[in-house]
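If you want the building blocks of each chain, they are given just below.
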Amino acid sequence: MIIIKNQFEIEKIKKACAILAEVKTILYDFISPGVSLKDIDSVAFKEIRKRGGKPAFLGQYGFPGTCCISVNDELIHGIPSDYIVKDGDIIKVDTGVIWEGYYSDSAFTKGVGNITKKDEELIRVAKDAFYAGFNAIKVGKRIGDISAAIGNLIRKRGYYTPDEFCGHGIGKSLHEDPYVFNDGNPNTGPIIRNGMVICIEPMILQKSKNVLVKEDGWTVYDPFHLNTAHYEQTILIDNDQAYILSGDNI
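All values derive from a computational prediction rather than experimental measurement.

Moving on: the packing of aromatic side chains. In this structure the tally under the stated criterion is 7 aromatic pairs. Centroid distance phenylalanine 63 to tryptophan 218: 5.0 Å. Interplanar angle 80 degrees. Geometry classified as edge-to-face. Pair noted here: phenylalanine 63 is in the loop between β1 (54-55) and β2 (67-71) and tryptophan 218 is in the loop between β10 (212-213) and β11 (220-221), with a separation of 155 residues, a long-range link. Overall, tryptophan 218 belongs to the partly exposed group, its relative accessible area being 22%.

See the structure below:
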């Protein structure tokens, strides 16, 4: 069931997103050669708590970290480890904040130091696919219109996205209805309404839409071991407009 948010709930979500936007900027600047994934996760935890929030991912479904941190061919759900970031890595960070019982969720991809033109394009496609979906949000249209816009852009650029993972509604839970797939057909799915809060999160693969999960039971990766990208924002639909709540400066 899709939960339409009232103004009280929207203000709580906005605050969760404002904290997340600040923390994302700190993390983005912190990621550099020589830091470990656990270092990144520790900074995220401290900065969220310092602002009065709670880490949304820590313990969610049993996940052991504040952030999902996925490196190079890892796409999503990477567990923070002792891996040391090096020049040329592609780092995906996905994290969220709880503020007074309400959730936010966002992800970015950072190329560390000197990366290839191909990797620059990969990161750009993830962000462009997000905005293709975002710009397709119109009250009275359908969620499938968002999905179709995302999928069409990914295909036109010559990339792929997995079927198994997608965006979602958010509010009092991290994952709520509706599912927001990264590909689909126009004029299908639930009607877009004011008061909806959703996360759009394109995930980009280079050779096929297939993915595998590592033995840790979490980390999703490309079976061809090619680099991947991920981009996500929390979005409010209100007053017949769509608003990015979780910080669009990265």
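Time to look at the pattern of salt bridges. Taken as a whole and judged by the stated rule, the model has 13 salt bridges. Aspartate 82 is paired through a salt bridge with lysine 38; the nearest N and O atoms lie 3.5 Å apart. Of this pair, aspartate 82 sits in the loop between β3 (74-76) and β4 (90-99) while lysine 38 sits in helix α2 (residues 37-50), and the two are 44 residues apart along the sequence. The exposure class assigned to lysine 38 is partly exposed, which follows from its relative accessible area of 42%. The partner of aspartate 89 in a salt bridge is lysine 86, with the nearest N and O atoms 3.3 Å apart. Taking the relative accessible area as the measure of exposure, aspartate 89 reaches 2% and is therefore buried. A residue is classified by how much of its surface remains accessible, and lysine 86, at 43% relative accessible area, is partly exposed. Bridged by salt links that share partners, the residues Glu22, Glu47, Lys50 and Arg51 form one connected network.

In a regular helix each residue adds 1.5 Å, so 14 residues correspond to 20 Å; α2 covers 20 Å between its end C-alpha atoms and thus fits that length. Taken together, the buried positions of α2 are occupied by Leu37, Ile40, Asp41, Val43, Ala44, Glu47 and Ile48. Taken down its axis, α2 places every buried residue within 160 degrees of arc, on the same side. Residues of α2 that are exposed and point over 90 degrees away from its buried face: Lys46 and Lys50. Just past α2, the residue glycine 52 takes up positive phi, approximately 85 degrees.

Turning our attention to the sheet that holds β11. Strands sit in the order β3-β11-β10 across an open sheet of 3 strands; the sheet is antiparallel. Each of the sheet's edge strands pairs with one partner strand only, and the pair in question is β3 and β10. With 2 bridges joining them, β3 and β11 adopt antiparallel strand pairing. Within β11, the position partnered with glutamate 74 by the bridge is tyrosine 221.

Here the residue pair aspartate 177 and proline 178 is connected by a cis peptide bond, since its omega of 5 degrees sits within 30 degrees of zero. When you line up the elements, proline 178 lands in strand β7 (residues 176-180). Unusually for a residue other than glycine, tyrosine 61 sits at a positive phi of about 55 degrees. Note on placement: tyrosine 61 falls in the loop between β1 and β2. Taking relative accessible area as the criterion, tyrosine 61 reaches 56% and is therefore assigned exposed. The phi angle at asparagine 72 is positive, at roughly 60 degrees, despite the residue not being glycine.

With that out of the way, let us pick up helix α3 (residues 117-135). Count 3.6 residues to each turn of an α-helix, and residues three or four apart come out pointing the same way. Between its first and last C-alpha, α3 extends 26 Å over 19 residues, near the 27 Å set by a 1.5 Å rise per residue. Along α3, the residues classified as buried are Asp119, Leu122, Ile123, Val125, Ala126, Ala129, Phe130, Ala132, Gly133 and Phe134.

Let us now look at the pairing of β2. For β2, the buried fraction is high: 5 of the 5 residues fall into the buried class. Burial along β2 is two-sided: the face carrying Cys67, Ile69 and Val71 and the face carrying Cys68 and Ser70 are both buried. Bridge count between β2 and β4: 5 bridges; the pairing is antiparallel. Across the sheet, the residue bridging to cysteine 67 is threonine 95, located in β4.

So, how was this worked out
- Residues numbered from 1 in each chain as written.
- Predicted model: local features only at pLDDT ≥ 70, side-chain atom pairs only at ≥ 80, totals over all residues.
- Heavy atoms only, no water.
- Phe/Tyr/Trp six-rings, centres within 6.5 Å; stacked < 30°, edge-to-face > 60°.
- Helix = DSSP H or I, 4+ residues; strand = E, 2+ residues; numbered from the N terminus.
- Buried < 20%, exposed > 50% of the residue type's maximum accessible area, 1.4 Å probe, protein only.
- Salt bridge = Lys/Arg side-chain N within 4 Å of Asp/Glu carboxyl O.
- Expected span 1.5 Å × (residues − 1).
- Arc of directions from axis to C-beta.
- Pairing = 2+ DSSP bridges.

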